[in-house]
Amino acid sequence: MKSNKNYLNLNTFLNFGILTLVTFLSLSFITCDIESETDLTYTILKGDNQQNKQLLILLHGMNSNTEIWNDFTKSVDNKTLMVAVEAPIKTEINSYRWYDIDVSKKPFKSDVNQMVKSTNRIKDLIVKLKIQHKIETGNIIIAGFSQGAILSLNLGLSHPELVSGIGIFSGMLPEKIEERMSKDIKDLPVFLTHGSEDKGIDFSLAEKTNSFLKNKSANVKMTVEKSGHTISDKQFQDFINWSKTIE
């Protein structure tokens, strides 16, 4: 009987040890997941010197990556810290999105919780870059294309104190934005550009965005191109020219 008791005690001890190890490993993996979601990957396309006077944050569209901004560096001067940010949700090789969205439904159905989460991560990145590169609050512009434009608008309207302007390329209003937006966006500079033949986000949604922002007393400049769901060199240059007027 004594030997059986010792055997049971040893077996219990081993089981407890295995359970403890499994629990520790599980918690370790959870911690890694949480830590991996605290920072976003970004690329500095231009600037990164002591002469930076303006921070330009650029957000790509759904199922895309930061490379869409590479061809536009020629329009940006060396006093601007041009930063392209990569979305956190990987969809396939070298392809990312900011949040889940069902484009088969009209209107589109977005995962608003994921949208807010990505917005908060962009907000944290702006604060980080602002401190690191000694950028003044009044010299920070956020802009994006398509889903990135929606996210830029979501951040700018909910945290207007963080940015001096918003650039919207082929975007639209974020879902349920009135639940999150600041009570006062009066005179907030917004550059809105859209293709009249856009099949990705219909032009009517850009017109709706324009009307909504103007009714909220934002300072909106809207341009229209005879193009589809894309960014032309002219649209980006017009955006840069506009950005210089709000410095």
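Bear in mind the structure is a predicted one, so any value in this text is a computation, not a measurement.

Looking only at helices and strands, one finds 5 helices and 11 strands in the protein. Buried positions account for 46% of the 247 residues belonging to the protein. Counted over contacts in the protein with a minimum sequence separation of 6, partners at least 24 positions apart contribute 74%. In the structure as shown, the protein presents an accessible area of about 13500 Å², 53% of it carried by carbon and sulfur atoms.

One finds Ile57, Val85, Trp98, Ile122 and Leu213 to be the most contacted residues of the largest nonpolar core, which totals 44 residues. The set of elements that each furnish at least two residues to this core consists of strand E2 (54–59), strand E3 (80–85), helix H2 (112–132), strand E8 (140–145), helix H3 (147–158), strand E9 (165–169), strand E10 (189–195) and helix H4 (203–215). If one sorts the elements of this core by residue count, H3 sits on top with 6 residues. Filtering out sequence-adjacent residues up to four positions away, Ile122 remains in contact with Leu40, Leu59, Val85, Trp98, Ile142, Leu151 and Leu155. Of all hydrophobic cores here, the second largest spans 18 residues; its members include Phe72, Ala84, Phe236 and Phe239.

Cut-offs applied
Residues numbered from 1 in each chain as written. Predicted model: local features only at pLDDT ≥ 70, side-chain atom pairs only at ≥ 80, totals over all residues. Heavy atoms only, no water. Helix = DSSP H or I, 4+ residues; strand = E, 2+ residues; numbered from the N terminus. Buried < 20%, exposed > 50% of the residue type's maximum accessible area, 1.4 Å probe, protein only. Contact = heavy atoms within 4.5 Å. Areas by Shrake-Rupley, 256 points an atom, 1.4 Å probe, with all protein chains shown as cover. Core = buried A, V, L, I, M, F, W, Y, C linked by side-chain atoms within 4.5 Å.

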